[in-house]
Structures are given as C-alpha cells and as structure tokens.
There are 2 protein chains.
Amino acid sequence: MNNFQFYTPTKVVFGKDTEGQVGELVKEQNCSKVLVHFGSGSVKRSGLLDRVYASLDAAGVSYVSLGGAVPNPRLSLVYEGIELCKKEGVDFILAVGGGSAIDSAKAIGYGVKYDGDVWDLYLKKEAPKAMLPLGVILTIAATGSEMSNSSVITNEEGWLKRGLNSDLSRPQFAILNPELTYTLPEYQTMSGCTDILMHTMERYFSHEMDTDLVDGMAESLLRSVMRAAKVLLKDPKNYNARAEILWAGSLSHNGLTGCGRVGDWACHQLEHELGGMFDVAHGAGLAAVWGSWARYVYKENVARFAKFAVNVMGVAYDYADPEKTVLEGIEAMENFFRSIHMPVNIRELGVELNDKQIEELAYKCSFMDQRTIGGMKKLAREDIARIYEMAR
Amino acid sequence: MNNFQFYTPTKVVFGKDTEGQVGELVKEQNCSKVLVHFGSGSVKRSGLLDRVYASLDAAGVSYVSLGGAVPNPRLSLVYEGIELCKKEGVDFILAVGGGSAIDSAKAIGYGVKYDGDVWDLYLKKEAPKAMLPLGVILTIAATGSEMSNSSVITNEEGWLKRGLNSDLSRPQFAILNPELTYTLPEYQTMSGCTDILMHTMERYFSHEMDTDLVDGMAESLLRSVMRAAKVLLKDPKNYNARAEILWAGSLSHNGLTGCGRVGDWACHQLEHELGGMFDVAHGAGLAAVWGSWARYVYKENVARFAKFAVNVMGVAYDYADPEKTVLEGIEAMENFFRSIHMPVNIRELGVELNDKQIEELAYKCSFMDQRTIGGMKKLAREDIARIYEMAR
C-alpha cells in the first residue's frame, strides 16, 4: 500500500427535504453575500430555486444569481461570474445543480481570488492559492464534484477541456436529496451512473495489488451502482436506488476508493478530448472508450483485470486461462453498458470520427506530445490514436 | 435509507515516516502553545516522542507535555490536563498514542473550554459548545477516535465509564504510520481488531435493510480486518496487514459504515460497564459479550443476521431454515474470535461474575432503570442481566 492523504472536509447533509436547511447552512459560513450559481432552467421549472431563495431569505442571507452553466461548462460564463462576484462583493458561492454548475462555481471561486487569467490555472501555469468557499445543492448523481477536489472547464477557443485538482475546491457542505433527481431523463441518469462507475474504476485499475480493504469497498460500490442503475431503468422514482447512486457518486470521487494506490485515469483523458471537441455527455463518452482502452492495456496486469472480472462482474475464474477471464469481464462490462443504453463505441455516441480527427484528438490528448496518459500502461500519442481507432 | 449527516473533516496523513510531518501540520494550525499528551512509557521507549519533539522544535512550535493516559482513561488525569492547559495558555492538543491518549485529550479539550465540571458533559447534563482543536499521531489500530466524534472516559469515583459524542471532537489531522504499530503485543493487536470489527458490526446490525451500498462496504471491511488479523498472528510486522487494520480502524468509526441507518450499540454499552468495573481491554470485553447478545436478539431480524452469516462469515444460506444460517454465523464469528485468542465469554476475559455483580452491572448499564440499550431489540435492565448471565 502506498502512502496517501485523505481529506474530505465537506459536511454532507443527505436525505429527503434537506434542501430546506440551506439557509441555515449558508448562514453558518458567516459570509456577507452569496452567489447562487445554477445551470439549465430545470432548477427554476421544478421550483427548487424558489425554495432555495426562500430558505436564504428566511435565514437573512443576501445573494445575487447567475444561471446558464451547461454540460462541459464554459470559460466565458466563468469570466462573467468572476466579474459579477467582484462587483457585488460576493464571499460565498452556492452551486445549485449538477457537476456543470459546481465545476463552473469552482472556477469562478478560483478566479475571484486570482489576479491573472483563471484559465492559466487550468493550463497548470500556476497552482491556485485560494478559492471562495462553496456550498452545493446537488441535482444529479454523477461527477462527484460535490465532495471532490476537482473541476473541469471547457475553453470555447480551441474547444479544450481541462481539469484542475486542489483541496481548496472541496465544498464546505453538500446537500443531497435523492428526490431532486427523480425527474432526470434516463440518458442523463445512466450517463451519471457510468461516470460514477468510472471514477472508481479509474482508481481500481492500478498495479498496486496490496490494497485488500480499498479493493473490496470499490468492488462493492461498483456492484451496488450497477444494481441501482438497473432498478432505475424500470422505476426512475425508486427512492432507494436514487439514494444509492447519489451517495455512491460522492464516495466514488472523494478519494476513498483510491487510498494507497496510483490510479489509471486514461479513459477520463480520452473522454475529455472527445467532450471538448464534440460536446458529448461525459459518462456516455467514458462508456464509449472504456472497452477499447481495457483491451489495449489489460496484458500489463492480467491479475488486476481478472480480479475485476470475478469480483465485480461475477465471471467464473478460468484457472487454466486467466486472460479468458479478463476478456469475459470486459465483455460483461460492455454488456452492462448496453443494458443501460450507453454506447460502447464512439459511433454509438453519435460521432463519426475520421482519421484526421483521430490524429487531432491524439495530438491534443498528449498535450502536443508533451505527456503520456494512464497508469496501467503509459500511453503516448500513437497509443492514444490506436485506442480512438479501436473505439470509433 | 434514513436521512443522515456525514462529516469527517480530519486530514489523514497515512504511511511510512509520516510522523516527521507533525511539526508542519501543527504549525498550519496557527496555535501559540501545544499540549503533547501521551499514555504509557512505550512512546518514550520507542523514541517516537523524541522524534515528535524534534519535529515540533524544527517547526518552531512551543509545547508542554503530559503523559500517563491509561487504557480506560481516567477523569483525574483529565482534570490535571485541564489545569495545565489553562496555566500554560495551551490552544492546541497533540495526542500521541492510542484511543486512551486521544480520548483523554478530547476530554481535556472540552474541559478547557467549559466553565463547569467536564464530567457533567459526559453525564449529558449539558451539551459541549467548544473544544480545543486536536491533532493525533496514532500508535494502535482500534478505537477509531482519530477520526471519530466520540470519546470515552472513566470516573474512578464509582468506576463509571461514559462516552460523549460531538463533531467538535473530530481531530484536525491524524498521522497514521503502520510501522508505529509493529511492536504492539498480540493481545492488544487482536483486541484492537475486535474493536474495529465491532464498530462496524454495531452499525451493521440494524433493522434498516435498504442500505445496499453501505452494507457491501461494511461487509468487505469486516472480511478484510479478519484476514489481516490472521496474518498478524503469524507475522506481526507485516506492513500491509498493519496498514489494512489501521485504515479500517478509522473508516470503521468515522461514520462511513453507518450512513443511512440506526445502529445497535448494545454490546458497547454492555462492555462499558464491564470495563468501568473490571478495567478489561475494550476489544476483548466486546468479544466476550457479542455471541450472547447475538443469540439473545437475533430473532428480531433473522434476515439481517443471515446476511451477516453469508456475506461476512461465508456460511451457506439454508433456504429451508434461515435461523440455522444465523446460528452458524454467530458460531463462526465466535470461532474467529477464538482463533485470534480473544475471549468468547466473561470468564475467559478473566472475570468471574457473581449474581450480585450482574445485578449491579445491569442496574448501572440501564442508567439506574432510566434507559434501554440496543437498536435491534430494546434491552431493559432484566434483558441486560440475562445477557451478562449468558455471557459469564
């Protein structure tokens, strides 16, 4: 087991009707003005935003609002938010929505506390030193941004999608009410489930094998999410299944399932380029590349992939031919993705990639040949292009 | 799944040589004077305390010291610590040791910030409103106090052992180096493993059945701790097994395995009276009463006990006779306790209970007939006496 740090200071308030506590939770932060940041109109239409304002009013908290965060949240809105916060003297941000609203809020929070261009932080030109404190009301189980140290922003100039990880961005509190996720369309729900699975799988696929406890918890999380996703296909308002994936989403990306080992994360990088160029749903993009990635790298650690096949996918171990077990496990995962109507290749994602686009994606993904991606196998530009080819 | 809050702000720094970071971690707290609080002489003899002082000196942190915390930590030392802190203007406590040193430090921290008698807080006459901030260097995997909200203190007057739970007492940071636990005697190691198992089992034995994710993580934690304990019987300096139980100890009592359900906790209350009266090792005391408690209450929820038998103890489910599965599971757990040289009754704990003592224990444990204990079955004084009888 490797040395690690584990730091999850976010106070999680989980369950029915918990959004009514937001006024009091914000008030505890001793702030003078709040930016309420949200995404699409659905939080307005559902009445959630009105309930949030009512709770803030009742607690005597003053605030300004900024909507419009979209999936693959945009840098232009972040700039707008930074300007608004500075003008209004905002000292706390409340994100209401999913990963897009939260990640956009994190970027605004970094920008308010940074003298230069906030995009430079995402380009890793400098490390962030401060961020406005942040609270969250979550409306979709997916990115785990409500407890995580990460945010991902897309710069429309060049359609570059870049992530930034820093403990500064872990929210002060996160309100998680499963009922707020009842009305999500099936595609978004299943894309969210895939994102949750992948946050744990990116950590699980590691060469470190002496992590019995963390492996076991990761495997059980994966099995639970798959079970709950299948329930939600037929019964989208099943409270317990919504609750399972909502809590799994936070635990899958707060660091718990990665303690003591180096993860892989190649699939996230492969998807980031696709998402930046084609604006696809993040989870669906991950499903579209995972199988090809797995077949390209599994020989680096047959034992790890076999453990996944047996303990997560329920494949019988083939003692004479462990690679057969591995391939059955990969196929079983792809069959699961199909069963929840997720794509298992890029064409099914709705994108027809030509050779030139593959070259461009691989070039960008390798940071113009400046880096490799992946922990199981170090993938350079040519490897990346090969996986996009396999997955198209 | 019930509504819940999850709040674990403690920064965990885990792995080899991490105690060398203590000076910097304390310095980040911006305190002016630290109380270094520890237990037995072993932290002196091992050289750990010297390394801690060297790290604090290097960081320019000033401190005073107080040793002497014993298992079932005593109120008299707590009073001494409070006085010392007030005299010296201490504003941060660093506990170096196991649950005894940490719980004693928590009580001192409460006392410094409370005008009345700190014991009144443990008697629940008043709720604590503040506590001195606390950091921890852990030397035994057991109580989980390094991340938990709880502390347990014994008042020598009347030998009452009482716990106090408040989020105020979650440490700011916890340094966990598995190597610091290499020299623990087998009995303490196995007593610690039992305490870890029981912290999760107290949460697992619940009537709430719709907790698939949390159940799965709890079950895998229990299996991992049992595997690691068996490794440590033969190879006490096995780094990975020490690391597994050290991290499991924190996760077992920071709230993770209890999210969304009400736990039982009767065994802890039964043990607290034994520990208060006879000063036995906490984990061993838990092992001594668990089987009798389980046989007394299992009919309240056969499904829950059968799930434990199958998913944790590997018993085959008897579809025709689930109670048979339950009883096999209880026996398998007792056999595990025997295999790690833990007692499965009070006599094996080294205590010969007479009828009068049983009456006294039951009377105290029921808070003089003022409460029942347990979530699976509400246990009044007569039930408590019956379980002590079964277990003696």
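This one's a predicted model, so the numbers in the text were calculated from it and none came from an experiment. Throughout, residues of each chain are indexed from 1 in the direction in which the sequence is written. As a convention, the first chain written is A and the first ligand written is 1, with the rest following in written order. Given that this is a predicted model, residues contribute local features only at a pLDDT of at least 70 and side-chain atom pairs are listed and counted only at 80 or more, while totals for whole chains, interfaces and linings are drawn from all residues. Based on all heavy atoms of the structure, the side-chain values leave hydrogens and waters out of the count.

**Q** I'd like to hear about the interface of chain B and chain A, residue by residue, with values.
**A** Working rule for contacts: check all heavy atoms of both residues, and any pair within 4.5 Å makes them a contact. The interface is formed by 38 residues belonging to chain B together with 38 residues belonging to chain A. The quantity reported as buried area is the accessible area (1.4 Å probe) lost by two parts once they are put together, taken as the sum for both. Taking both sides of the interface into account, the surface hidden between chain B and chain A amounts to around 3400 Å²; carbon and sulfur atoms contribute 57%. Contact with chain A buries surface across chain B, with B:Met1, B:Leu213 and B:Trp247 losing the most and accounting together for 19% of the total. In what follows, salt bridge is the name for a side-chain nitrogen of Lys or Arg lying within 4 Å of a carboxyl oxygen of Asp or Glu. Counting across the chain B and chain A interface gives two salt bridges. For B:Asp212, the salt bridge is made with A:Arg227, and the minimal N-O distance between the two is 2.9 Å. Polar contact is defined as a pair of N or O atoms within 3.5 Å, subject to the rule that within protein one atom must be able to donate a hydrogen and the other to accept it, and that residues adjacent in sequence are counted only when both atoms are side-chain atoms. Summed over the shared surface of chain B and chain A, the result is 21 residue pairs in polar contact (both at pLDDT 80 or more). Numbering of helices and strands starts at the N terminus; helices are DSSP runs of H or I of at least 4 residues and strands are runs of E of at least 2. For the side of chain B that touches chain A, the secondary-structure elements that each account for two or more residues are β1 (4–14), α8 (212–234) and α9 (239–253) of chain B.

**Q** Residues and numbers for the packing of helix α11 (residues 282–297) of chain A against helix α15 (residues 381–391) of chain A, please.
**A** All names here are of chain A. Fitting a line to C-alpha atoms yields each axis, with helices limited to the stretch in contact; the angle taken between N-to-C directions then spans 0 to 180 degrees. Packing of α11 against α15 brings their axes to within 8 Å, and their N-to-C directions diverge by 125°. In this view, α11 runs oblique relative to α15, as classed from their interaxial angle. You can see that α11 and α15 cross each other, and the crossing is right-handed. Residues Ala288, Val289, Ser292, Trp293, Arg295 and Tyr296 of α11 pack against Asp383, Arg386, Ile387, Met390 and Ala391 of α15. Under this grouping Gly is polar, as are all residues other than the nonpolar Ala, Val, Leu, Ile, Met, Phe, Trp, Tyr, Cys and Pro and the charged Asp, Glu, Lys and Arg. Residues of the contact of α11 with α15, tallied by class, amount to seven nonpolar, one polar and three charged. Should an angle fall under 35 degrees it is taken as roughly parallel, and over 145 as roughly antiparallel, whereas 65 to 115 is taken as roughly perpendicular and any remaining angle as oblique. Handedness of a crossing is defined here by the sense of rotation of the near helix relative to the far one, left-handed for an anticlockwise turn of less than a right angle and right-handed for a clockwise turn.

**Q** Lay out the pairing of strand β1 (residues 4–14) of chain A in plain terms, naming residues and giving numbers.
**A** Classification of residues uses two cut-offs on accessible area relative to the type maximum, computed with a 1.4 Å probe and protein chains only: under 20% is buried, over 50% is exposed, and between them is partly exposed. With nine of 11 residues buried, β1(A) is to be regarded as a mostly interior element. Pairing between two strands requires that DSSP report at least two bridges joining them. Bridging between β1(A) and β1(B) involves seven bridges; their strand directions are antiparallel. Paired with A:Val13 across the bridge in β1(B) is B:Gln5. As judged from the four bridges shared by β1(A) and strand β8 (residues 173–176) of chain A, these two strands associate in the parallel manner. Within the sheet, the bridge partner assigned to A:Val12 lies in β8(A) and is A:Ala174.

**Q** Describe the confidence of the model for chain A, with residues and values.
**A** The predictor's confidence in any single residue is recorded as pLDDT, a number from 0 to 100. On average, chain A scores 97 in pLDDT, and the residues at 70 or more come to 100%. What the predictor reports for the complex is a pTM of 0.96 with an ipTM of 0.95.

**Q** So what's going on with the packing of aromatic side chains? Which residues, and what values?
**A** To describe a pair of aromatic rings, you give the distance between the ring centres and the angle between the ring planes. Note on ring pairs: Phe, Tyr and Trp rings are taken, using the six-membered ring of Trp, and paired if centres are within 6.5 Å. Classes follow the plane angle, with under 30 degrees stacked, over 60 edge-to-face and the rest tilted. Going through the model one piece at a time under the given rule, you end up with 38 aromatic pairs over all chains. Taken together, a centroid distance of 5.8 Å and an interplanar angle of 45° make the contact between B:Trp293 and B:Phe305 tilted. Taken together, the residues span a long stretch of sequence, with B:Trp293 in helix α11 (residues 282–297) and B:Phe305 in helix α12 (residues 302–311) at a distance of 12 residues. There is no split in this pair, since B:Trp293 and B:Phe305 are both buried. Three or more aromatic residues joined by ring pairs form one cluster here, namely A:Tyr204, A:Phe205, A:Trp290, A:Trp293, A:Phe305 and A:Phe308. A cation over a ring is seen here: A:Lys16 above A:Tyr239, with NZ or CZ 4.5 Å from the ring centre. Here the guanidinium or amino end of B:Arg371 rests over the ring plane of B:Phe367, the centre of that ring lying 3.7 Å away. As a reminder, the over-ring test applies to NZ of lysine and CZ of arginine, requiring each to be within 6 Å of the ring centre and within 35 degrees of the ring normal.

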